[in-house]
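Remarks on the overall topology
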Amino acid sequence: MGNSVKKTSYFVSAIKAATKLALLMFAVCFASPLDARQNTATLSFHKTIGRERGYIHTVKKGETLLSILKKIAVKKPVSLSAIRRLNPKIKNINQIYPGQKIVIDLPDDKNPPGTAPLPRKDDKGETTPYRISRNDSITNILIFKLKISPSEAINAYRRIKALNPEIEDLNQLSAGGFLLLPSDLLKTEEMGSSRNVDQNMTLQDENKKAASAKASSGLERLILAIRPVMEKLKGTINDTGEYYIPLPGKSQITIHSRLIPSVELDDGTTVFLDYDNHLKAGVKQAIRQHWGNNHFLTGPELQSVDAALQGIIRASSHYKITRVEEPIILSSNPSIMVVPDWMISGGKKKQGAPYRQAVFFFGENEAPLPESVRSFLENNGLPVVFVSDGKPLSVSFGKAPRIQAEWIDLRGARGGAFIERLLEALGETSQRNVPVDVFKQAVSGFNLSITADLLVRSGQRKLIIHSRKLPEQFVDILTDEGFELLLIDQSSGGVAFAEQALRKAGLPVSRGYFFGRYPKEGGKRRLEISFSAVSGASSKGQFYLVDFDMPDWFLPMAKNVGNAVVIRCQ
């Protein structure tokens, strides 16, 4: 009798459940086409890739790793090394920030809300976790997504109910949660497409091949050429080991970096260089869906170094790359302009100036810029990379024209001391604090002299350089005696002051503009220079008075300039 009651009770429960589901299906089947379309969505499946188990947690304000672990009520110790391994992009796991996604390795008995449940089997085989969408119901899933016929719906409902005992009411599903579905029910074209994505994601066959595979020589040359560019951007190229990409639930994609290197920029952008097209479309789609900062470049986009650089930089949100059509001005005094092939610029600041990097691609018969020029550019805030024949040049073998030049710095001198050192540098002599007679005993009946700050003799020419104003009578007498007088301010210096003193001393000087380029003749111009200077000739040869710091490579590039003395004034 007791068994009979139990059977009757079970039968009644089954009829009630079937009646409820039939009513729900009836309502769905007769709903308007518009409602049907609104409730239709693409299924999202996730399979475990590799041995790691975990889930993705989005860090909220004020959270720490410890508070997150307490929140999900982990009962067993969690391996920090495993968390670090699952989160290679987080440099310091103890310093996490709001908005970051962190993959947490969980003990086998823990399954926090929003993560895929442990795989289970029913009588017909494997199961697949399905992420519940907004407004999902069991009827919507059965009729519109699994496309189960009404005659099979009750049996499918029972199987799903048995696989998900923790869900009390299948008609009240929580968006973002997971529902285990029998894998054999996923047989429609739409579902098959999603399954293929997961099959691609496992990459098991390709991973086995990758362990012993060797990257193509073209890919190796490409990495060699772009590495210095990425390093100057503070980026990283991963071309060894494995790259782990966690996905929601228990999913993880493992990419062999030897076959598919990746470039990580400091703005969070990651670009995979799939030179030989190893990754299938489904894998890329799955990664992009959850990691919007991940991008992919394939074979046609990686056939040249400049094409690869364009693809990498254009994937970034902070940097941009532009082809250089006109010379780029680095300074105005002196005028220095460079003509690289590409310029990389970005929003990040370095000492108040926007970031810039110049990339030069030198042709087969083109001489790279001299190493001294490269050093000058980098020391003045413009990182440069030279690429020749597809290879980076760590040291430039370009040669600058050579001349003998003597460099003299007079910026610390003023007044008479400045002129004295200037004349000395040009091979001219002068005397300091020399007494000069104005009135003589024999002529005027008394003696009167002045002490010249500086006395310069050049042939028959005699120049008194004095810092104190003299009476007009004194000036007339000294002029009659054949002296020239230059009244100076002891605080004076600079090119104009030097030009005036040299003219008074009888040295021929002129002010002019000087130009140069590299290479000097023919070929694509890579560097242009121009500057203003006072020049002249002395017993030591040609000299130039300038008011800027002239690098040692600068003067040799100027046209019609030979061995010289270069004097830096105030």
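Since we're looking at a predicted model, the values are computed, not measured. (Residues numbered from 1 in each chain as written. Predicted model: local features only at pLDDT ≥ 70, side-chain atom pairs only at ≥ 80, totals over all residues. Heavy atoms only, no water.)

Before going further, it helps to examine the side chain of Glu-264. Position of Glu-264 relative to the elements: it lies in strand E8 (residues 262–264). Residue class for Glu-264 comes out buried when judged on its relative accessible area of 18%. (Helix = DSSP H or I, 4+ residues; strand = E, 2+ residues; numbered from the N terminus. Buried < 20%, exposed > 50% of the residue type's maximum accessible area, 1.4 Å probe, protein only.)

Per-residue confidence for the chain gives a mean pLDDT of 77; residues scoring 70 or more make up 75%. Contacts from residues 108–116, a stretch scored under 50 in pLDDT, to residues over four places away or in other chains number 21 contacts. This stretch, residues 188–212, has a pLDDT under 50; its non-local contacts, to residues over four places away or in other chains, come to 45 contacts. (pLDDT = per-residue confidence, 0-100. Contact = heavy atoms within 4.5 Å.)

This next bit is on the sheet that holds strand E10 (residues 294–298). Overall, mixed pairing links the 4 strands, which are arranged E5-E8-E9-E10 in an open sheet. Of all strands in the sheet, those bounded by a partner on one side alone are strand E5 (236–238) and E10. For this sheet the average axis-to-axis angle between neighbouring strands, irrespective of direction, equals 20 degrees. Strand direction decides the pairing type here: E5 and E8, joined by 3 bridges, are antiparallel. By the bridge assignment, Ile-237 is partnered in E8 with Val-263. Helix H9 (residues 217–232) contacts E5, E8 and strand E9 (270–274) of the sheet and is inclined by roughly 160 degrees relative to E5. Helix H10 (residues 281–290) rests against E9 and E10 of the sheet, and its axis sits at about 155 degrees to E10. (Pairing = 2+ DSSP bridges. Axes fitted to C-alpha atoms, helices over the stretch in contact; angles between N-to-C directions.)

Before going further, it helps to spend a moment on the pattern of salt bridges. Pairing of side chains with opposite charge becomes possible as their charged atoms draw close. The full count for this structure, using the stated rule, is 15 salt bridges. When the shortest N-O distance is used, the salt bridge between Glu-378 and Lys-232 registers 3.0 Å. Placement of the pair is Glu-378 in helix H12 (residues 371–379) and Lys-232 in helix H9, with a sequence separation of 146 residues. Residue class for Glu-378 comes out partly exposed when judged on its relative accessible area of 30%. Lys-232 sits in the partly exposed class, given a relative accessible area of 26%. Among the ionic pairs, Arg-511 bridges to Glu-499, the shortest N-O distance being 3.3 Å. Taken together, the residues Arg-511 in strand E23 (residues 509–518) and Glu-499 in helix H16 (residues 495–504) connect sequence positions 12 residues apart. Within this structure, Asp-341, Glu-366, Lys-524 and Arg-526 form a network of salt bridges that share partners. (Salt bridge = Lys/Arg side-chain N within 4 Å of Asp/Glu carboxyl O.)

We now examine the nonpolar core. Of all hydrophobic cores here, the largest spans 34 residues; its most connected members are Leu-369, Leu-527, Phe-531, Met-550 and Trp-553. Of the residues forming this core, the biggest block, 4 residues, is contributed by strand E24 (residues 527–538). Once residues within four sequence positions are removed from consideration, Trp-553 is found in contact with Ser-372, Val-373, Phe-376, Leu-527 and Ile-529. Of all hydrophobic cores here, the second largest spans 30 residues; its members include Val-229, Leu-302, Val-305 and Val-385. (Core = buried A, V, L, I, M, F, W, Y, C linked by side-chain atoms within 4.5 Å.)

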